[in-house]
Amino acid sequence: MTRTLLLGLFVVGVSAQLVKPIGDALEDKAFLGGALLSLVGYVLYESVKDLASSLRLPARAQVESRELGTFVSEAFRARTVEIGFLGYTGETLYNELYHRLEGLLEDPGPIRHVNVRFLIPDFGRPMTVPSRVGEGGRPVDDPDFRKRLEEKCREYDETLSVLAERLTLLGRVTAHCEYRLHPGIPTDKVCVFNRELVLHGLYDVTARTVLRSTDPEYYDPKGYRTDLTVWSQEGGDDAKAALATWNRHFDSLWSLAATPPWRAAAAA
């Protein structure tokens with residue numbers, strides 16, 4: 001509308017100078033300056049509009065795992081927070097969640113319910129990844145390495161569960177955090193936030209690590225290096241369909257997942 005108005009003023013002003021009856025009707029030369037000013041305004045308007053378009057950031061289709069904190073913060077703006085994870089150990093997400101849950105002890109804000117679910121591989125089973133790198137690069141199952149990862153996940157689970165229990169006891173927020181196991185290797189990294197946004201990426205299953213200089217190499221995916229594709233409600237029909245599929249897939253895996261041995265022992 002602004003562009004049309006400026007262009008119209010210019011046309012009327014010039015016409016007032018070229019067509020005498022129009023000029024007489026519009027008080028002769030009083031409109032020349034206004035015409036030129038409106039033309040300048042029109043040019044500036046077009047330039048600013050084009051500049052704004054060039055600077056506008058496109059919708060991000062992919063993010064780095066290091067940016068998970070932004071999505072966790074956004075999820076914790078809702079009254080009901082629901083976060084699901086499918087992947088390796090969940091260390092990257094755990095670090096973000098720990099500080100968020102701890103902050104709720106002092107100030108829960110509008111949050112009333114928190115439910116966090118972690119789906120990780122069953123490290124009690126023989127595996128090709130994670131594993132020791134054998135001769136010719138062949139994977140060799142390593143029970144000690146698997147046990148090390150299992151202990152790490154047990155600590156994460158217990159820490160988040162204790163925080164959730166403390167929050168619930170305070171009475172302002174009901175919270176639940178739980179790890180479960182699925183019989184597979186870590187190939188996909190999936191984060192589901194409030195059932196409205198999903199991040200999905202693929203681990204580099206051939207990534208290697210060395211714990212100590214005297215140790216062998218291990219196949220050990222690096223979750224913090226994984227790029228993640230973004231699926232959200234704002235992404236159109238295809239994105240919404242993918243979002244619904246991921247939610248359904250995660251719920252199905254969760255319903256079939258096993259309780260970790262450390263939780264089973266505590267329950268007994």
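Here the structure is a predicted model, which means the values were calculated and not measured. (Residues numbered from 1 in each chain as written. Predicted model: local features only at pLDDT ≥ 70, side-chain atom pairs only at ≥ 80, totals over all residues. Heavy atoms only, no water.)

## So, the environment of phenylalanine 250
Line of reasoning, step 1. Locating phenylalanine 250 in the fold gives a position in helix α7 (residues 236–256).
Line of reasoning, step 2. The exposure class assigned to phenylalanine 250 is buried, which follows from its relative accessible area of 4%.
Line of reasoning, step 3. Through-space distance from the C-alpha of phenylalanine 250 to that of valine 192 is 8.6 Å; in sequence the pair is 58 residues apart.
Line of reasoning, step 4. Beyond its immediate stretch of four places on either side in the chain, phenylalanine 250 contacts Gly84, Phe85, Leu86, Arg117 and Leu119. (Helix = DSSP H or I, 4+ residues; strand = E, 2+ residues; numbered from the N terminus. Buried < 20%, exposed > 50% of the residue type's maximum accessible area, 1.4 Å probe, protein only. Contact = heavy atoms within 4.5 Å.)

## Quick word on the pairing of strand β6 (residues 174–182)
Line of reasoning, step 1. When you tally the buried positions in β6, you get seven out of nine residues, the bulk of the element.
Line of reasoning, step 2. Bridge count between strand β3 (residues 113–121) and β6: nine bridges; the pairing is parallel. For valine 114, the partnering residue across the bridge sits in β6 and is alanine 175. (Pairing = 2+ DSSP bridges.)

## Overview of helix α6 (residues 143–170)
Line of reasoning, step 1. Taking 1.5 Å per residue as the helical rise, α6 with its 28 residues ought to reach 40 Å, and the 41 Å between its terminal C-alpha atoms agrees with that figure.
Line of reasoning, step 2. Inspection of α6 places Phe145, Arg146, Leu149, Glu150, Cys153, Tyr156, Asp157, Leu160, Ser161, Leu163, Ala164 and Leu167 among the buried residues, and these make up the whole buried set.
Line of reasoning, step 3. Regarding α6, its N-cap is aspartate 142, as a side-chain oxygen of that residue lies 3.1 Å from the backbone nitrogen of aspartate 144 further along.
Line of reasoning, step 4. Looking one or two residues past α6, glycine 171 carries a phi angle of roughly 90°, positive in sign. (Expected span 1.5 Å × (residues − 1). Polar contact = N/O pair within 3.5 Å; in protein donor to acceptor, adjacent residues only side chain to side chain.)

## Observations regarding the confidence of the model for the chain
Line of reasoning, step 1. Model confidence for the chain is summarised by a mean pLDDT of 85, while 77% of its residues fall at 70 or above.
Line of reasoning, step 2. Taken as a whole, residues 50–58 scores under 50 in pLDDT and shows zero contacts with residues more than four places along the chain or in a different chain. (pLDDT = per-residue confidence, 0-100.)

## As for the sheet that holds strand β5 (residues 139–140)
The strands that make up a sheet are held in pairs by hydrogen bonds between backbone atoms, and each pair lies either parallel or antiparallel.
Line of reasoning, step 1. With respect to topology, four strands assemble into an open sheet ordered β5-β4-β10-β9, the strand pairing being antiparallel. Looking at the sheet topology across the chains shown, the edges are occupied by β5 and β9 (208–209).
Line of reasoning, step 2. Strand direction decides the pairing type here: strand β4 (residues 131–133) and strand β10 (residues 218–219), joined by two bridges, are antiparallel. Its bridge partner being in β10, serine 131 is matched across the sheet by tyrosine 219.

## Focus: the packing of aromatic side chains
Line of reasoning, step 1. Scanning the model with the defined rule gives nine aromatic pairs in all.
Line of reasoning, step 2. A centroid spacing of 4.3 Å and a plane angle of 15° characterise the contact between phenylalanine 145 and tyrosine 218, whose relative ring orientation is stacked. Pair noted here: phenylalanine 145 is in helix α6 and tyrosine 218 is in strand β10, with a separation of 73 residues, a long-range link.
Line of reasoning, step 3. Relative accessible area serves as the criterion here: at 4%, phenylalanine 145 is assigned to the buried category.
Line of reasoning, step 4. Relative accessible area serves as the criterion here: at 8%, tyrosine 218 is assigned to the buried category.
Line of reasoning, step 5. Each ring, one from phenylalanine 250 and one from tryptophan 254, has its centre 6.3 Å from the other, and the planes form 15°; the classification is stacked. (Phe/Tyr/Trp six-rings, centres within 6.5 Å; stacked < 30°, edge-to-face > 60°.)

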